[in-house]
Amino acid sequence: MIDNLFWELSELEQVEAISLGGSRSGENYDEKSDYDVYVYVTEPLSEQVRKSILEKYCGYMEIGNHYWEYEDNCVLNNGIDIDILYRSLDDFCKEVSDVAEKHIPHNGYTTCMWHNLLTCKIIYDKNSRLQKAKERFCIPYPDELKKNIIERNINLLYAAMPAYSSQILKASARNDRVSIVHRTAAFLESYFDIIFAVNKKTHPGEKRLMELCRKNCRILPNRFEENLNQLFDDMLNHTDKLEYDINEIVSKLKQCLK
């Protein structure tokens, strides 16, 4: 079924490449794993055309969602979710180039798109442009990028006046639980961006980060998992301990960076 869907999409004139991302792009998936599909187009595909294809294979469809990237979010007839994202290959490569070649850091998740390109499984590639992009960006992790990611995200983490650590403690003093959760999530985005940069690893995204760090990162702060789990336990039930938890995480990260 999924092969037939890919074939129909590849027959559209505007489609120049299709790839699989996420767990389906490797070996760590099972029959229940979702499909993350990236369709690279030279110009937009009409919703009517996409719907006419997808309704053959999907029992439920949300066509044209644009909460993050432009995509169709569906459930296949076998009950498995499928997200189909539509991209311009030129725009995507520029975004990867800004990071991998120009060394521009982000507020967390800096190298996610680069990781997506390097690890995707190519299903269709009309003119081999996607494969050429993979080859172009299959380069050693730049020292300048590592430096820039660490510098920017350390400022966000604890060094600058608006640092997330300070915002978390202010929210804790007000017992503002919504703000505590919101700022802690941002704190962790920068924290993990630093961890992957220190190890010169591209960022795999938002899922299973502690597990992937333990598996793939040689350099980790002391008590990495213990301190994070303590933060999670305290952030809503023992907010009086948050200052200690944050200071411990920051202190161990500083030691790691040295």
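A few points on the structure.

Criteria and thresholds
- Residues numbered from 1 in each chain as written.
- Predicted model: local features only at pLDDT ≥ 70, side-chain atom pairs only at ≥ 80, totals over all residues.
- Heavy atoms only, no water.
- Buried < 20%, exposed > 50% of the residue type's maximum accessible area, 1.4 Å probe, protein only.
- Helix = DSSP H or I, 4+ residues; strand = E, 2+ residues; numbered from the N terminus.
- Pairing = 2+ DSSP bridges.
- Axes fitted to C-alpha atoms, helices over the stretch in contact; angles between N-to-C directions.
- Salt bridge = Lys/Arg side-chain N within 4 Å of Asp/Glu carboxyl O.

## Description of the pairing of strand β2 (residues 35-41)
So, step 1. Across the seven residues of β2, six count as buried, placing the element largely inside the fold.
So, step 2. Judged from the six bridges that link them, strand β1 (residues 15-21) and β2 form a sheet pairing that is antiparallel. Bridged to valine 15 within β2 is valine 41.
So, step 3. With six bridges connecting them, β2 and strand β5 (residues 81-87) associate as parallel partners. Bridge pairing in β5 links tyrosine 35 to isoleucine 82.

## Regarding the sheet that holds β5
So, step 1. The six strands are arranged β3-β4-β5-β2-β1-β6 in an open sheet whose pairing can be described as mixed. Either end of the sheet is taken by a strand with one partner, and the two such strands are β3 (58-65) and β6 (121-125). When strand polarity is set aside, the average angle formed by the axes of neighbouring strands in this sheet is 15°.
So, step 2. Both strand β4 (residues 71-76) and β5 contribute to a ladder of five bridges, which runs antiparallel.

## A short note on the pattern of salt bridges
So, step 1. All told, the structure shown has 13 salt bridges when counted by the stated rule.
So, step 2. Lysine 56 is the salt-bridge partner of glutamate 8, the closest N and O atoms lying 3.0 Å from each other. Note that glutamate 8 is positioned in helix α1 (residues 2-10) and lysine 56 in the loop between α2 (47-54) and β3, a separation of 48 residues in sequence.
So, step 3. The shortest N-O distance in the salt bridge between arginine 50 and aspartate 72 comes to 2.8 Å. Taken as a pair, arginine 50 in helix α2 and aspartate 72 in strand β4 lie far apart in primary sequence, 22 residues in all.

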